Amino acid sequence: MLQIGVLASHQGTNFQAIADACTEGELDAVISVLVCNNASAPVLSRARNAGIPTRHLSSKTHPDPDDLDNAICTSLVDAGVRLVVLAGYMKKLGDQTLKEFAGRMINVHPSLLPRHGGEGFYGTNVHEAVLNSGDRTTGATVHLVTKEYDSGDILLQEEISVLDTDDANSLAARIHPLEHKLLISAVRNFAMES
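These remarks concern the structure in this document.

## A short note on unusual backbone geometry
- Pro114 follows Leu113 through a cis peptide bond whose omega is 15 degrees.
- Tracing the backbone shows Pro114 in the loop between strand E5 (105-109) and helix H5 (124-133).
- Of note in the backbone geometry, His116 takes a positive phi value of approximately 55 degrees without being a glycine.
- In this structure, His116 sits in the loop between E5 and H5.
- Given the relative accessible area of 12%, His116 is considered buried.

Now the structure itself:
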C-alpha cells in the first residue's frame with residue numbers, strides 16, 4: 001500500500017478528496033501524515049477527524065529555514081512516505097525535502113500550465129488572470145514539484161471551456177472537482193508504477 005504525505009495550508013478539499021479515495025478503496029494508498037504550515041487551517045481538523053497524524057511546521061515553529069526544511073523532510077521520512085502531494089500548500093520547499101523526494105512529489109495547479117503559473121499565481125489570482133487574458137479554455141494540471149513554482153514536468157492536465165458568464169469564483173467552483181479527479185489519478189498512476 002502506497003504511503004502518502006500531504007502538505008496543505010488552508011481548507012483541505014484536495015486533501016479530503018485523497019483521504020476519501022483512500023478510505024473508499026478507490027486508491028490502494030493511505031495518508032501517513034499531513035504537514036501544515038498554518039496552525040488554524042481547517043485541513044488540520046479534517047485530518048484529525050480521519051485519524052491521520054498531523055504536524056504543524058512553519059516559520060513560527062522553526063524560524064530558521066534550514067531547520068524547517070529538515071523538520072518537514074524528517075516528518076515525511078519518519079512516516080514512511082513514498083509520495084508527497086502538495087494540496088494547496090502555499091510555501092516553497094527547501095533543498096533537503098526536494099532532494100529526498102525528487103520525482104516523488106506532485107502538486108496540483110488550477111490552470112493549464114505553463115499558462116498562469118509561477119510565483120503569485122494561486123487561488124482566485126489564477127482565475128482572474130485567465131479571465132483578464134481572454135483565454136477561452138482553462139483547467140487543472142498535476143506536475144512534479146521542483147525548486148521553481150509550477151515548473152516541473154506535467155503529469156496530467158485536463159481543460160474546460162471558459163464561459164462568457166464566468167467570474168473567478170464560478171471558474172474556481174468548476175475547476176475544483178477537476179483538481180480532485182486529476183490528483184487521485186496521479187496518485188493511482190504512481191501507486192501502479194511503484
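## Details of the sheet that holds strand E7 (residues 154-161)
- With respect to topology, seven strands assemble into an open sheet ordered E3-E2-E1-E4-E5-E6-E7, the strand pairing being mixed. Among the strands making up the open sheet, the edge pair consists of strand E3 (54-56) and E7. Strand-to-strand twist in this sheet, taken as the mean axis angle between neighbours without regard to direction, amounts to 20 degrees.
- Where strand E1 (residues 2-8) and strand E4 (residues 83-86) come together, four bridges link them in parallel fashion. Residue Val6 lies in a different strand from E4, and its bridge partner there is Val85.
- Sitting on the sheet, helix H1 (residues 13-23) is in contact with E1, strand E2 (29-36), E4 and E5, with an inclination near 155 degrees to E2.

Rules and cut-offs
- Residues numbered from 1 in each chain as written.
- Predicted model: local features only at pLDDT ≥ 70, side-chain atom pairs only at ≥ 80, totals over all residues.
- Heavy atoms only, no water.
- Helix = DSSP H or I, 4+ residues; strand = E, 2+ residues; numbered from the N terminus.
- Buried < 20%, exposed > 50% of the residue type's maximum accessible area, 1.4 Å probe, protein only.
- Pairing = 2+ DSSP bridges.
- Axes fitted to C-alpha atoms, helices over the stretch in contact; angles between N-to-C directions.
- Contact = heavy atoms within 4.5 Å.

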